[in-house]
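Residue-level structural notes
The lines below spell out each chain.
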Amino acid sequence: MNPIASPGPSASDAVDTASAAHLPPEAPICLIGMMGSGKSTVGRRIAALLGRRFVDADRELEARCGVPIATIFELEGEEGFRRRETQVIEDLSGRAGIVLATGGGAVTIARNRELLRGRCFTIYLQAGVAELWHRLRNDRVRPLLRTADPRARIAELVAARDPLYRETAHRTVQTGRHPVERTALDVVAVLPPSLQPASSAS
Ligand code: S3P
């Protein structure tokens, strides 16, 4: 029997003003980018800086399903995982006032790209393969890195996904080896005035 619970409801660098102009001030601020790019750590810090709630789509999915992501991959394959991930993104992208971190592969699904670009102000946290490998080299959790050559896998995923991240995001922020605080401030700096914290909006 499949022990995974059904996920019911629960708890370019130029500013693309044309496509972000419709967003209300409470629109979710969403971080996309490869695994290891720092979406969750940076997202938590941005949420604190802006007085918003931080939500991690992967953790939300695990909470709804009652099993770790690796188990969902084992039982239902990547396809099953992606179906569940889209349900979670449908829900979270409609939540006001949050900072949302999505899983690295969310942009591979057209519906997710549409939701993240249409309902959220979305920022691509961009990091190079060497940096990602440095951060992920001891990872034993992520199913997509369980291969003979995880570094090559990261390079393949970056090549395939970089255009999708750029197509989905309103802005791109380089993470490099910057400290979390610096990246978080870089993200806040590229937010449109309507999403800036009240004290810095002019
Ligand atoms: C994935 C990234 C993971 C998680 C799943 C698949 C991917 O999220 O959603 O293992 O396809 O890159 P993080 O980016 O938070 O590691």
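The paragraphs below set out a description of the structure included in this document.

Taken together, 13 residues surround the ligand, and among them Lys39, Asp58, Arg82, Arg142 and Arg161 come closest. Residue arginine 142 places a side-chain N or O atom 2.6 Å away from an oxygen atom belonging to the ligand. For the ligand, whose accessible area on its own is 380 Å², the fraction buried by protein is 94%. With respect to the pocket detection grid, the ligand is positioned in the largest pocket. When residues of the shell around the ligand are assigned to their parent elements, the largest contribution, three residues, is made by helix 4 (residues 69-92).

Of the two faces of strand 3 (residues 98-101), the one lined by Ile98 and Leu100 and the one lined by Val99 and Ala101 are each fully buried. Strand direction decides the pairing type here: strand 1 (residues 29-32) and strand 3, joined by three bridges, are parallel. Bridge pairing links isoleucine 29 to valine 99 in strand 3. When strand 2 (residues 53-56) meets strand 3, the two strands line up parallel, connected through four bridges.

The subject of this paragraph is the packing of helix 2 (residues 39-50) against helix 8 (residues 180-190). Interhelical geometry of helix 2 versus helix 8 gives an angle of 60 degrees and a closest axis separation of 9 Å. It follows from the interaxial angle that helix 2 and helix 8 lie oblique. Note that helix 2 runs across helix 8; the crossing there is right-handed. Across the interface between the two elements, Thr41, Val42, Arg45, Ile46, Leu49 and Leu50 from helix 2 touch Val180, Glu181, Thr183, Ala184, Leu185, Val187 and Val188 from helix 8.

In this structure, the largest pocket spans a volume of roughly 530 Å³. The wall of the largest pocket is formed by 29 residues, among which Met35, Asp58, Gly103, Gly104 and Arg142 lie closest to the centre. Breaking the lining of the largest pocket down by element, the ones donating at least two residues are helix 2, helix 3 (57-65) and helix 4. Here the element with the most residues in the lining of the largest pocket is helix 4; it accounts for six residues. Its residues placed into classes, the lining of the largest pocket shows 10 nonpolar, nine polar and 10 charged.

Moving on, we come to the packing of aromatic side chains. For any pair of aromatic rings, the description rests on two quantities: the centre-to-centre distance and the angle between the ring planes. All told, the structure shown has two aromatic pairs when counted by the stated rule. Summarising the aromatic geometry, the rings of phenylalanine 73 and phenylalanine 81 are spaced 4.8 Å apart at their centres and angled 35 degrees between planes, so their arrangement reads as tilted. Comparing phenylalanine 73 with phenylalanine 81 shows no difference in burial state: the two are buried.

As a further point, take helix 2. If you check helix 2, its first and last C-alpha atoms are 16 Å apart, about what 12 residues at 1.5 Å a residue would give, namely 16 Å. Taken together, the buried positions of helix 2 are occupied by Lys39, Val42, Gly43, Ile46, Ala47 and Leu50. Taken around the axis of helix 2, the buried residues stretch over an arc of 140 degrees, which confines them to a single face. Buried residues along helix 2 sit against strand 1, strand 2, strand 3, strand 4 (121-126) and helix 8. Where helix 2 ends, the next residue or the one after it, glycine 51, has phi of about 70 degrees, a positive value.

Spatial ordering of the open sheet is given by 2-3-1-4-5, a layout of five strands whose pairing is parallel. A single partner strand is all that each edge strand has here, and the edge strands are strand 2 and strand 5 (171-174). In this sheet, adjacent strand axes meet at a mean angle of 25 degrees when their direction is disregarded. Both strand 1 and strand 4 contribute to a ladder of four bridges, which runs parallel. Bridge pairing links cysteine 30 to threonine 122 in strand 4.

Bringing the pattern of salt bridges into the picture now. Under the criterion given, the structure shown has 19 salt bridges. By sharing partners, the salt bridges in this structure join Glu60, Arg64, Asp91 and Arg95 into a single network.

About the criteria used
- Residues numbered from 1 in each chain as written.
- Predicted model: local features only at pLDDT ≥ 70, side-chain atom pairs only at ≥ 80, totals over all residues.
- Heavy atoms only, no water.
- Near = heavy atom within 4 Å.
- Polar contact = N/O pair within 3.5 Å; in protein donor to acceptor, adjacent residues only side chain to side chain.
- Areas by Shrake-Rupley, 256 points an atom, 1.4 Å probe, with all protein chains shown as cover.
- 1 Å grid on protein atoms, 1.4 Å probe; cavity = no way out; pocket = protein on both sides within 12 Å on 5 of 7 lines; lining within 4 Å.
- Sits in = over half its atoms within 2 Å of the grid points.
- Helix = DSSP H or I, 4+ residues; strand = E, 2+ residues; numbered from the N terminus.
- Buried < 20%, exposed > 50% of the residue type's maximum accessible area, 1.4 Å probe, protein only.
- Pairing = 2+ DSSP bridges.
- Axes fitted to C-alpha atoms, helices over the stretch in contact; angles between N-to-C directions.
- Parallel < 35°, antiparallel > 145°, perpendicular 65-115°, else oblique.
- Left-handed = near helix turned anticlockwise from the far one by under 90°.
- Contact = heavy atoms within 4.5 Å.
- Points joined across faces, edges and corners; volume = space filled by probe spheres on them.
- Nonpolar A, V, L, I, M, F, W, Y, C, P; charged D, E, K, R; others polar.
- Phe/Tyr/Trp six-rings, centres within 6.5 Å; stacked < 30°, edge-to-face > 60°.
- Expected span 1.5 Å × (residues − 1).
- Arc of directions from axis to C-beta.
- Salt bridge = Lys/Arg side-chain N within 4 Å of Asp/Glu carboxyl O.

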